Amino acid sequence: MPISPQLEQIATATKGFMPPDEALALFEAASSARPGAWLEIGTYCGKSTVYLGAAARTVGAQLITVDHHRGSEENQPGWEWHDESLVDGESGRLDTLPSLRRTLRLAELDDVVTPVVGNTQTVATWWRTPLEFLFLDGNHTEQIAQHDYEAFARHLVVGATLAVHDVFPDPADGGQPPWHVVQRAIASGDFEESSVTGSLRILRRIAPVSS
Ligand code: SAH
Ligand code: MG
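Residues numbered from 1 in each chain as written. Chains lettered and ligands numbered in written order. Predicted model: local features only at pLDDT ≥ 70, side-chain atom pairs only at ≥ 80, totals over all residues. Heavy atoms only, no water.

Participant: So what exactly am I meant to see when it comes to unusual backbone geometry here?
Facilitator: Only a minority of non-glycine residues have a phi that is not negative, and only a minority of peptide bonds are not trans. For Y44, which is not a glycine, the phi torsion comes out positive at approximately 55°. Along the chain, Y44 falls in the loop between strand 1 (37-41) and helix 3 (47-59). A relative accessible area of 12% places Y44 in the buried class. Here H69, not a glycine, exhibits a phi torsion of approximately 65°, which is positive. Residue position: H69 is located in the loop between strand 2 (62-67) and helix 4 (97-106). (Helix = DSSP H or I, 4+ residues; strand = E, 2+ residues; numbered from the N terminus. Buried < 20%, exposed > 50% of the residue type's maximum accessible area, 1.4 Å probe, protein only.)

So, in structure tokens, the structure goes:
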């Protein structure tokens, strides 16, 4: 089933970093995932969250989306992906949480999506819930990208889906950490690749977590 025109329109109007073909591939991958808990790392203003949330609604899953809402390095003043309109007047810092709230309200996804406002390093210390779907789209430094994979992919059950965004095998196209994460996942023998759309990679867990 395709995404509803109404939700697609809301997602298109939401600020973010997800081209339409990759967003639809993400929606499709999520639509064939099983119900249960789904986790998104890197919410920003909720663009990808609408696609995942729309799929979660039809499948009967619950989506948790994690972000400290202060932006990544490249979103800070003076950097390429800085958006002045997202700066909070009082603190002078980037704050994408109000935009996310608005997105979820417009998309009527408040009952399907639970935002968690925090660092992935902090959330990882208490996260225990097995996952049917994981979307990695947070910090793209080598250290944190590897951390997010290590901390959360281990909660994916066999048959669950791992989606990784901004995967660029050619350094000329973009930063390498997400590509390193995909290579690591496949080399571990725990995952196999099921599709590639632009910089979006969809993998499936084929082996249980070894503890
Ligand atoms: N999925 C979004 C884009 C996410 S951008 C979309 O579709 O548009 C990456 C996000 O990761 C930013 O909002 C940033 O605040 C968040 N982020 C970066 N490092 C983080 C960390 N260590 N913990 C939690 N969130 C982080
Ligand atoms: Mg991204």
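Additional details are given in the paragraphs that follow.
Participant: Explanation requested: the sheet that holds strand 5 (residues 156-164) in the structure shown.
Facilitator: Note: strands within a sheet are paired through backbone hydrogen bonds, in either parallel or antiparallel orientation. Taken together, 7 strands build an open sheet; the order of strands is 3-2-1-4-5-7-6 and the sheet is mixed. Whereas interior strands pair on both sides, the edge strands pair on one side only; in this sheet they are strand 3 (113-117) and strand 6 (191-197). Strand-to-strand twist of the sheet, defined as the mean angle between neighbouring strand axes without regard to direction, takes the value 20°. As paired elements, strand 6 and strand 7 (residues 200-205) share 6 bridges and run antiparallel to each other. Residue pairing for strand 7: V196 is matched across the bridge by R201. (Pairing = 2+ DSSP bridges. Axes fitted to C-alpha atoms, helices over the stretch in contact; angles between N-to-C directions.)

Participant: Would you mind showing me how to read the environment of A151 here?
Facilitator: Secondary-structure assignment places A151 in helix 6 (residues 142-152). For A151, a relative accessible area of 12% gives the class buried. Sequence spacing of A151 and T103 is 48 residues, and the spatial spacing of their C-alpha atoms is 28 Å.

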